[in-house]
Amino acid sequence: MTANITKLKITIANNCIEICDLQKKANMPRPTLNNVLAGRSVRPATLGKVARALGVDVREIMEAEQ
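A quick note: this is a predicted structure, and the numbers were derived from the prediction, not measured. (Residues numbered from 1 in each chain as written. Predicted model: local features only at pLDDT ≥ 70, side-chain atom pairs only at ≥ 80, totals over all residues. Heavy atoms only, no water.)

**Let's talk about the nonpolar core**
Quick reminder of the rule: What is meant by a nonpolar core is a set of buried Ala, Val, Leu, Ile, Met, Phe, Trp, Tyr and Cys residues, joined one to another through side-chain atoms within 4.5 Å. The buried label applies to any residue whose accessible area, calculated with a 1.4 Å probe on protein chains only, is under 20% of its type's maximum; exposed applies above 50%, and partly exposed to all values in between. The helix count covers DSSP runs of H or I at least four residues long, the strand count covers runs of E at least two residues long, and both are numbered beginning at the N terminus. Only heavy atoms enter the contact rule, under which two residues are in contact if any of them lie within 4.5 Å.
Formed by 18 residues in total, the largest nonpolar core has its most connected members in Leu-8, Leu-22, Val-36, Leu-47, Val-50, Leu-54 and Ile-61. Among the elements of the structure, α1 (5-14), α2 (19-26), α3 (30-37) and α4 (44-54) are those that each provide at least two residues to this core. Per-element accounting of this core gives the leading share, five residues, to α4. Ignoring anything within four residues of it in the chain, the contact list for Leu-47 reads Met-1, Thr-2, Ala-3, Val-36, Val-42, Val-58, Ile-61 and Met-62.

Here it is in structure tokens:
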């Protein structure tokens, strides 16, 4: 599962949250968050933690399945 980078960046900006604060709120190591931010494939639970930390449904930040 991958994040849609554009949607993710917009959501981060809308929440006015810094990446270091997102990392703490999502409770994950920085390298893992960096994988999400780079659009690499991550476990669904990882993307779910980021979505929860941002207060959105995971479908709002995930890349459409092909």
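**Structural notes on the environment of Asn-27**
Along the chain, Asn-27 falls in the loop between α2 and α3. In sequence terms Asn-27 and Thr-46 are 19 residues apart; their C-alpha atoms lie 9.9 Å from each other.

**A look at the environment of Asn-34**
Tracing the chain through its elements places Asn-34 in helix α3. Classification of Asn-34 by relative accessible area gives partly exposed; the value is 33%. Between the alpha carbons of Asn-34 and Thr-46 there is a distance of 11 Å; along the sequence they are twelve residues apart.

**With respect to the pattern of salt bridges**
This is how it is decided: Salt bridge, as used here, is a side-chain nitrogen of Lys or Arg placed within 4 Å of a carboxyl oxygen of Asp or Glu.
All chains considered together, the criterion is met by one salt bridge. The closest approach of N and O atoms between Asp-57 and Arg-59, which form a salt bridge, is 2.9 Å. A residue is classified by how much of its surface remains accessible, and Asp-57, at 33% relative accessible area, is partly exposed.

**Details of α1**
Rules: In this context, the arc is that of the directions from the helix axis out to the C-beta atoms. In protein, a polar contact requires one atom able to donate a hydrogen and another able to accept it; more generally it is a pair of N or O atoms within 3.5 Å, and residues adjacent in sequence count only if both atoms are side-chain atoms.
All of the buried residues along α1 are Leu-8, Thr-11 and Ile-12. Along α1, the residues classed as buried sweep out an arc of 100° about the axis, all on the same side. Away from its buried face, by an angle of more than 90 degrees, α1 presents the exposed residues Thr-6, Lys-9, Ala-13 and Asn-14. Each element contacted by the buried residues of α1 is listed here: α2, α3 and α4. At the N-terminal boundary of α1, the capping side chain belongs to Asn-4, with an oxygen 3.1 Å from the backbone nitrogen of Thr-6.

**Regarding unusual backbone geometry**
Notably, Cys-16 is not glycine yet its phi reads approximately 50°, a positive angle. For Cys-16, the position within the fold is in the loop between α1 and α2. The residue Asn-27 is not glycine, and still its phi comes out positive at about 55°.

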